Structure formats: C-alpha cells, structure tokens
Amino acid sequence: MSQPSIESTLHEDRVFQPPAPSDVGASDWLVGSLAEYETMHKRSIEDPEGFFAEVAAGFHWYKAWDSVLEWDAPDAKWFVGGQTNACYNCVDRQVDDGFGDRPAIIWEGEPIENGVPETRTLTYADLQAEVGKFANVLKSHGVTKGDVVTIYMGMVPELAVAMLACARIGAPHSVIFGGFSSQAIADRVCDAKSKVIVTCDGAWRRGKVVPLKENVDNAIKMMGDQGEQPVEHVFCVGRCHNDIAWGALDRCYNEEMSKASPEYACEPMDSEDMLFLLYTSGSTGKPKGIVHTTGGYMVHTAMTARYTFNLIPDSGQVYWCTADCGWITGHSYIIYGILPNRVPTLMYEGGPDYPTAARFWQIVERHRVTQFYTAPTAIRAFMKWGDEHPASADLSSLQVLGTVGEPINPEAWVWYREHIGRGVCPIVDTYWQTETGGHVITPLPGATPCKPGSCTRPMFGVDAAIVDADGAEQPADAGGLMVIRKPWPGMLRGVFGDRQRFIDTYWSTVRIDGEPVYTAGDGARRDADGNFWIMGRIDDVINVSGHRLGTMEVESSLVAHEAVNEAAVVGVPHEIKGTGIAAFVSLVPGKAAGDELKDALRAHVSSEIGPIAKPDQIRFTAALPKTRSGKIMRRLLRSIAAGETEISQDMSTLEDFSVVAKLAEDKE
Ligand code: WT7
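Residues numbered from 1 in each chain as written. Predicted model: local features only at pLDDT ≥ 70, side-chain atom pairs only at ≥ 80, totals over all residues. Heavy atoms only, no water.

Glancing now at helix H3 (residues 86–99). Taking the largest bend as the criterion, H3 deviates by roughly 45 degrees, centred on Asp-92. Among the residues of H3, Ala-86, Cys-87, Tyr-88, Asn-89, Cys-90, Val-91, Asp-92, Gln-94 and Phe-99 are the ones counted as buried. For H3, the secondary structure elements touched by its buried residues are strand E3 (83–84), helix H4 (124–140), helix H5 (157–169), strand E14 (274–280), helix H9 (295–309) and helix H10 (328–336). Taking the backbone nitrogen of Cys-87 as reference, a side-chain oxygen 2.8 Å away marks Asn-85 as the first, capping residue of H3. (Bend = angle between axes of the 7 residues up to and from the residue. Helix = DSSP H or I, 4+ residues; strand = E, 2+ residues; numbered from the N terminus. Buried < 20%, exposed > 50% of the residue type's maximum accessible area, 1.4 Å probe, protein only. Contact = heavy atoms within 4.5 Å. Polar contact = N/O pair within 3.5 Å; in protein donor to acceptor, adjacent residues only side chain to side chain.)

The structure is reproduced here in structure tokens:
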C-alpha cells in the first residue's frame, strides 16, 4: 500500500470480562452479552434503515420522515423529510412527560470557600425556562434560523443554556474552547460570518481568571483592523466579576435574561438542517468547520450514550464527562447525547487539581457519580499525582468508566480500573472523532470482553474496517487505514463553506467498488478476535492531550515571530500529554538563538493559539529537510525529535542531506 503502514509494537493479551451488573451496583446491562451485541450489530449493518427507524421512533418528531436514508457518497441524508428539534428532545420532552422536577444538569464551580464549592442543580423545568429566555433574548436581537452564533465561555450552566437556546431557534452554534486565543476566535468568527458572540467576563481555571471577555474584545479589534468584522452583539455572562471593558456591541446577559419571557416554542427543524459547526484543526491551512445536522446527530449521540454508558433513567445514576463543551466530546456526551436519556449530566467548571489533586474524586464522592468519562492524558496525570488521591475519596458509586481522545496505553488502562474502578468497573475505550459525531468503535460495558489498549468493536450501524490503499480488507493484525464503509447517522455532513476540502480530506484516499469510503485518517489494526487497535494519525496532525492540533497553525504562528524564518512542528512522545510538540526553527539571519528566544517563542505561540499549542521542544536549525517539491519531511523530523540517533528512513527524496546530520546534532 502506498500509505505508510504502521508497525504494531503493542502486544497485550490480558482480557477482562464484563462483570455482572450487581458487581458495580448497576440495575441492569442494556446489552448483557457479546452474542446479543453481535446480533444487534449484524442487524444494524444488514438493515440500517429498519434498525435506525426503530431507534429514531424513540424521539419526538413534528413530522415523520419520508425515508430513513438517502446515500449518494459522500452525501448522507438521514430521516429525510422529517422534522424535529434537538432542544425539544433534550429538555421539553422530559417536562411534557412529567419529569420536569428531575435534575437535568448538576453543576459544580471551581472556587471552594470554607470547604464547600458552589453547586447548582437545574431541573428539566429550570432548564426549559432558562433556555426559553435566552432563545427570546437571541430572537429579540435579530438572530433567526440559520444564523451562526459563536459561544466562547467557561464551563458554567449558561454555556449549556446558550447551546440549547441556539438549537431551540435553529441557529447553529459554533463553540470555541475557552483556552483559545483572540486570533483563533477571529479566524473562526470570520469563517462562519457569525453576528453574535456569547461569552463570560472570565472563567475560573486553577484559581485564576481567564479573561474571556477581553479575548473577545481583542478578537473584534483584530477583525476590525482586517476590515472584516461581522459581529453585531456580544452577550456577556457575569461569572468571575473581573474588570471588563464595556463597548457598543456589549449586552449584559444577566440583565437581558431578567427581562425575557421563558416561553418560546421550539422551532421545527428539518432533519438535515445544521445543528452546529465545530472547528477542528486540519493538517494544512485554516481550521475546518465540521458541519453536523439535526436528526441523525441527535439519534446517533443519544443512542450511543445510552448503550456505551448503560444509561438507565430513574436508577439513581449521575453521569459525568470531564471534557469541555468546546470540544465535540462536550457537545455529544455532556449535552445532546445525555439529556434525552434522562440521566443527570454533571458539569464541572475548573481544573482537575484545584485546590488539590483529589478534586475529581471529591466530586465523584459528593455527587455519587456513576459514569465517569475522561481522557487518557488526564489518567496519566492522575497516575503521576499519586494513588493516595483517589484512595482518599469514596468512589463506590462508580459503575462504568470511559476514555476518549487518543489510544490509551495498557498501563494507564489497568491503573484506571484498579484505582478508580475498584478493580471491577468496565472501561469503555471509545474511539470516535469530531467528524463522526459520536462513538464509532467502543466496548459495551455489559457485553464486550476488553483488552487494555483496544477500543474493541464497532458501534451499531458502523461498518468499520481496516483496509489498504486499494480498499482491500487487511488480514488480522496487519496495520492499515481505518475506514467506515457505510453511512452512519452522526457523520459529518461537510466542511463549512469548503466542499472540496470535505472531499479531499475524508473521501479521496480509498475507494471500494469505485465508490469513495470515509477515511478517518487513523492507522489501525484488527486482531484475530475482531478487536480494533488504533495506532495513530496517518497525517501530520499532532494530538496533544487528546486534542488534534494542525502543524500548520503552530508553524504559522512561529513564523509570524520577527526572529523566525521558517518552522516545522512534529509530534514527539510525551509522558503526560501522550504527544508533545517539537518545533524546528530556522532564524532570520542575524538573530541570535538561545534560551531567551526559546522562551519568547513559547510565549508567542501560547498567546497566538493558546497554551495547548506551546512547543515542548524548540530546536534551532540552519535549514529544514525538504523534498524536491518543497514539502517539509516531517516523518524525518519526528524521528529526530524522538531522539533516534540512526535515521533509518527512506531519504531518497531529500533535497539536502547535510541538513539531516546537522539536525541530529542540535540537541535541545
Ligand atoms: C482523533 C479524533 C472524539 C473526541 C476527542 C478527540 C483519536 C479519539 C480515541 C480512542 C484511539 C482515539 C483518533 C481520532 N482518538 N479517541 N479511544 N483510541 N484514538 O476528537 O479532536 O476529533 O480527534 O482522536 O486519532 O481520529 P478529535
């Protein structure tokens, strides 16, 4: 195959069978055996329309669909002709069914005073009223169906309210992670031509205030300077009471809400109307706005949440996903997939180690959390902080543990099970992407035997396979490309405003029987028992702490510094983050290399893109290794950054061999 095949170095033979539900305090397993899973999966692949019609019938529709699926690769339409509203199915439906007084969102703030954090519980009825009010606020400021609303907030209940209010009126939201910088906001707001931003004065993070409103102000100034500034209103939630500037576009959220009516009927939306866009990094160029639509996304996320986490209403469960709503994990598995299942979703505002490294475990104890969903990077940090922290809290409420974001190393998997899961909780290692909308490969806690490090088996409706570049399925244990051969309801519908990029990125690598198939961009293998093992990204995107960063964005930022001539960044193994960033930098003649400049460059990237993109290593070099066509050879740089002394890769296309020897010498 022409793509680099990935060599399997992980050998893991331990198998953990699912426990009985009573072993973990669960009332039942929704899917209780591998045979039952297999029967359901087989049906979902052989008769996806029948299978998903049954699942979708569990939701509220204003108008029934005419056909379940229309598929003309790469374009899928699900529940065509049907009308529904995601906010209705998350919120109003529970109220209408008589569950208005049940907890929908349990929120815990970061600051702790006299040993007690601030907590808030919003019932479904509370949530309905808040969302109705904000829908009215948006509408009274001219926001209508189809307008993109940008949300840049901390993890406060108002963030969930803002997202759901957008869904209620049919205005797609674009949530930007609160750790991103002004430049990142400006790029995304301009791409989406968003007229409204919802933000907070600040967000609490490890006892400090992140100045969100100030970042928005700077973004608006930048856009003004560029001559392209679409924003008309900025709604600001008061949270940290830090000083903020108040300009002509600014509206006080709290004041507007106090005047607004809670009554706002959900807008019936076509199943294929856009629900949101979410920007993710690509390997080249500007961030991509991944488009998700209404009906299929709603059905896919709620179904997968139910089966993967074994959500059972009225059984005393409290579900907690530690992600931020700025990532897809927060969209799908804090909000849209969880609320329709009528199990309370916990939102935590702040840092995992504030004020102590036991904070998460205190939250589990305080709220009797039953499902806990986090990332391998967090698990590696917990391991580093010490076993005494989870041991100091009562974790006996936990039933199911989950992980997402990157491959989990078996050591961390086993630690997670022992120290968080009492040696008994099943771990669901959920493989998916911003683009897939929801889980595509994952164990089911009561059904799937687990091997640490494997995300195991495909979700219902997902026809995943490992193929070579010609589309031929690979034999057991041979590395290849992860593809999904059939459409599934939660799949992306496009890249906002860039049809060609959608096709080039996801639908141009592999064809089967002449038809393009979805290529995830991950290398993987499937073992003889049918378990999938993800081996890493096949492109240059760097996955830091479970978040993909485009090399291009980081490089552009470095090059924007006055001392830098050229830059290339690659991923390098990192103990905590999984992958760290190594930057190779060549300087403008006359500029002096040194530690001072390294620090300045790190600070520069941090302010331009966000702390997450800060390079862990910076190496100064006279020149970068390139192919004849001028492409930087990142594979080679990865080897050098990882400390490989002998460069064993194919260098036949390398322009200037002397550069390589020089780079290997220039140790950090
Ligand atoms: C990429 C998607 C899905 C939300 C978080 C990240 C990697 C994700 C796993 C897993 C191995 C995983 C893949 C994927 N990934 N989950 N359980 N095992 N790898 O979303 O930023 O869209 O990144 O994260 O490489 O393609 P994202």
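This part takes up the sheet that holds strand E16 (residues 319–321). With mixed pairing, the seven strands of this open sheet are ordered in space as E5-E4-E17-E16-E18-E19-E20. Sheet topology places strand E5 (116–123) and strand E20 (427–429) at the edges, where each strand pairs with a single neighbour. Each adjacent strand pair in this sheet contributes to an overall mean axis angle of 20 degrees, direction not counted. Relative to strand E18 (residues 371–374), E16 is paired through three bridges, and the arrangement is parallel. What sits directly across from Trp-320, in E18, is Phe-372. (Pairing = 2+ DSSP bridges. Axes fitted to C-alpha atoms, helices over the stretch in contact; angles between N-to-C directions.)

Right, let's get into the sheet that holds strand E30 (residues 564–574). Strands belonging to one sheet form pairs held by backbone hydrogen bonds; the direction of such a pair is parallel or antiparallel. Read from one edge to the other, the open sheet built from three strands follows the order E30-E31-E32, with strand pairing classed as mixed. Looking at which strands have only one partner, the edges of the open sheet turn out to be E30 and strand E32 (617–620). Recorded for the sheet is a direction-independent mean angle of 20 degrees between the axes of neighbouring strands. Both E30 and strand E31 (residues 578–587) contribute to a ladder of ten bridges, which runs antiparallel. Paired with Pro-573 across the bridge in E31 is Thr-579. Of the strands in this sheet, E30, E31 and E32 touch helix H17 (residues 595–608), which is tilted by about 125 degrees from E32.

This part takes up the nonpolar core. In terms of nonpolar packing, the biggest core is built from 183 residues, with Phe-134 and Tyr-336 touching the most fellow members. Here this core spans two domains, and each of domain 1 (134–280) and domain 2 (541–665) adds at least three residues to it. Core analysis: the next-biggest nonpolar cluster, separate from the first, contains ten residues, Ala-568, Phe-584, Leu-637 and Ile-640 among them. (Core = buried A, V, L, I, M, F, W, Y, C linked by side-chain atoms within 4.5 Å. Domains from an automatic or database assignment.)

A few words on the pairing of strand E8 (residues 196–200). Consecutive side chains along a regular strand alternate between the two faces of the sheet. Among the five residues of E8, five are classified as buried, and the element is accordingly described as predominantly covered. A two-sided burial pattern is seen for E8, the buried positions comprising Val-196, Val-198 and Cys-200 on one face and Ile-197 and Thr-199 on the other. Strand direction decides the pairing type here: strand E6 (residues 149–152) and E8, joined by four bridges, are parallel. Within the sheet, the bridge partner assigned to Thr-150 lies in E8 and is Ile-197.

Moving on, we get to the state of the cysteines. By the definition in use, this model includes zero disulfides. For the unlinked cysteine Cys-266, the closest cysteine sulfur is that of Cys-87, found at 4.6 Å. Free of any disulfide, Cys-450 has its nearest cysteine sulfur in Cys-455, 10 Å distant. (Disulfide = S-S within 2.5 Å.)

Between two packed helices, both the angle of their axes relative to each other and the distance between the axes serve to describe the pair. The geometry of H9 relative to H10 is characterised by a closest axis approach of 9 Å and an angle of 75 degrees between their N-to-C directions. Classified by the angle between their axes, H9 and H10 sit roughly perpendicular to one another. For the pair formed by H9 and H10, the contact residues are Tyr-297, Thr-301, Ala-302, Thr-304, Ala-305 and Phe-309 on the first element and Ile-328, His-331, Ser-332, Tyr-333 and Tyr-336 on the second. Of the residues in the contact of H9 with H10, the class split is seven nonpolar, four polar and no charged. (Parallel < 35°, antiparallel > 145°, perpendicular 65-115°, else oblique. Nonpolar A, V, L, I, M, F, W, Y, C, P; charged D, E, K, R; others polar.)

Looking now at H9. The first and last C-alpha atoms of H9 sit 21 Å apart over 15 residues, in line with the 21 Å expected at 1.5 Å per residue. Just downstream of H9 lies Asn-310, where phi reads positive at about 55 degrees. (Expected span 1.5 Å × (residues − 1).)

Below, the discussion takes up the domain arrangement of the protein. Domain boundaries assigned for the protein yield domain 1 (134–280) and domain 2 (541–665). The interface of domain 1 with domain 2 comprises seven residues on the first partner and seven residues on the second. Roughly 480 Å² of surface becomes buried between domain 1 and domain 2 when both sides are summed, with 43% attributable to carbon and sulfur atoms. Ranking the residues of domain 1 by area buried against domain 2 places Phe-180, Ser-181 and Thr-280 at the top, with a combined share of 55%. One can count zero salt bridges joining domain 1 with domain 2. In this structure, the connection of domain 1 to domain 2 is made through three residue pairs in polar contact (both at pLDDT 80 or more). Broken down by element, the residue count for the side of domain 1 that touches domain 2 peaks at three residues, all from helix H6 (residues 182–192). Within the side of domain 1 that touches domain 2, the residues separate by chemical class into two nonpolar, four polar and one charged. (Buried area = accessible area lost by both parts, 1.4 Å probe. Salt bridge = Lys/Arg side-chain N within 4 Å of Asp/Glu carboxyl O.)

On to the pattern of salt bridges. Scanning the model with the defined rule gives 32 salt bridges in all. Between Arg-206 and Asp-353 there is a salt bridge, with the nearest N and O atoms lying 2.6 Å from each other. In this pair, Arg-206 is assigned in the loop between strand E9 (203–205) and strand E10 (208–210) and Asp-353 in the loop between strand E17 (345–348) and helix H11 (359–367), connecting sequence segments 147 residues apart. Among the ionic pairs, Glu-562 bridges to Lys-591, the shortest N-O distance being 2.9 Å. Here Lys-591 lies in the loop between E31 and H17 and Glu-562 lies in the loop between helix H16 (551–559) and E30, a separation of 29 residues in the sequence. Residue class for Lys-591 comes out partly exposed when judged on its relative accessible area of 35%. Taken together, the salt bridges that share partners define one network made up of Asp-101, Arg-102, Asp-314 and Arg-342.

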